[in-house]
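Remarks on the overall topology
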Amino acid sequence: MALMTVTISPKDSITYDPSPEVKHGDLVVFVMTGYAAGTTATVSFHHDNCFTTRSPFKVTGDNAVPVPLTVAPHAKRGMHPFQVHIHARKVQDDSTTEGQADRKNGGIDVNNDPPVEVRR
């Protein structure tokens with residue numbers, strides 16, 4: 001089981017560490033950086049079958065305790081696109097004004113087939 005971090009920022013958009021590729025059972029954490037502490041974001045997947053928990057997911061600018069999401073054993077191989085809707089108060093570099101919303105697109109690539117169920 002591996003851990004992948006998806007970072008949402010006003011300058012770099014969306015970055016993945018170590019990469020956007022995951023396997024079934026891997027953990028994924030969404031965090032925000034470069035936003036004021038009061039900023040929130042909603043992450044919505046186009047097809048809600050990537051994680052064991054259904055989207056949308058809420059992320060906060062303070063990243064107090066990011067909740068890891070588990071890639072579902074039934075997640076299909078391939079790209080699972082998502083949208084992030086950001087509800088910002090003010091970005092730390094003052095490039096965004098009070099109350100402005102932003103939208104970013106990303107995706108997680110499940111790079112192996114779902115586990116095969118063995119029947120006896």
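Residues numbered from 1 in each chain as written. Predicted model: local features only at pLDDT ≥ 70, side-chain atom pairs only at ≥ 80, totals over all residues. Heavy atoms only, no water.

What characterises a pair of aromatic rings is the spacing of the ring centres plus the angle enclosed by the ring planes. One pass over the structure, following the stated rule, counts 6 aromatic pairs. With a centroid separation of 6.4 Å and 80 degrees between ring planes, the pair formed by Phe 30 and Phe 45 is classed as edge-to-face. Taken together, the residues span a long stretch of sequence, with Phe 30 in strand 4 (residues 27-32) and Phe 45 in strand 5 (residues 40-45) at a distance of 15 residues. Judged by its relative accessible area of 6%, Phe 30 is buried. Both rings, one in Phe 45 and one in Phe 57, keep their centres 6.3 Å apart while their planes meet at 80 degrees; by these two values the pair is edge-to-face. In this pair, Phe 45 is assigned in strand 5 and Phe 57 in strand 6 (residues 57-60), connecting sequence segments 12 residues apart. The rings of Phe 30, Phe 45, Phe 51, Phe 57 and Phe 82 are connected pair by pair, giving a single aromatic cluster. (Phe/Tyr/Trp six-rings, centres within 6.5 Å; stacked < 30°, edge-to-face > 60°. Helix = DSSP H or I, 4+ residues; strand = E, 2+ residues; numbered from the N terminus. Buried < 20%, exposed > 50% of the residue type's maximum accessible area, 1.4 Å probe, protein only.)

Summarising the model, the protein chain shows a mean pLDDT of 83, and 80% of its residues fall at 70 or more. Within the protein chain, the element-level pLDDT minimum falls on strand 9 (residues 101-110), averaging 87, and the maximum on strand 3 (residues 21-22), averaging 95. (pLDDT = per-residue confidence, 0-100.)

Below, the discussion takes up the pairing of strand 4. For a regular strand, side-chain orientation follows a simple rule: the groups alternate between the two sheet faces. In terms of burial, strand 4 is largely enclosed, as 5 of its 6 residues are buried. Looking at chain direction, strand 1 (residues 3-9) and strand 4 are connected through 6 bridges and run parallel. Across the sheet, residue Leu 3 finds its bridge partner in strand 4, namely Leu 27. Relative to strand 7 (residues 69-70), strand 4 runs antiparallel, the two being bridged by 2 bridges. If you follow Leu 27 over to strand 7, its bridge partner there is Thr 70. (Pairing = 2+ DSSP bridges.)

We now examine the nonpolar core. The biggest cluster of nonpolar side chains holds 25 residues, and the ones touching the most others in it are Val 28, Phe 30, Val 43, Phe 45, Phe 51, Phe 82 and Ile 108. Secondary structure elements with two or more residues in this core: strand 1, strand 4, strand 5, strand 6, strand 8 (78-87) and strand 9. In this structure Val 28 touches Leu 3, Met 4, Val 6, Val 22, Phe 51, Val 67, Pro 68, Leu 69, Val 71 and Ile 108, once residues within four positions along its chain are discounted. (Core = buried A, V, L, I, M, F, W, Y, C linked by side-chain atoms within 4.5 Å. Contact = heavy atoms within 4.5 Å.)

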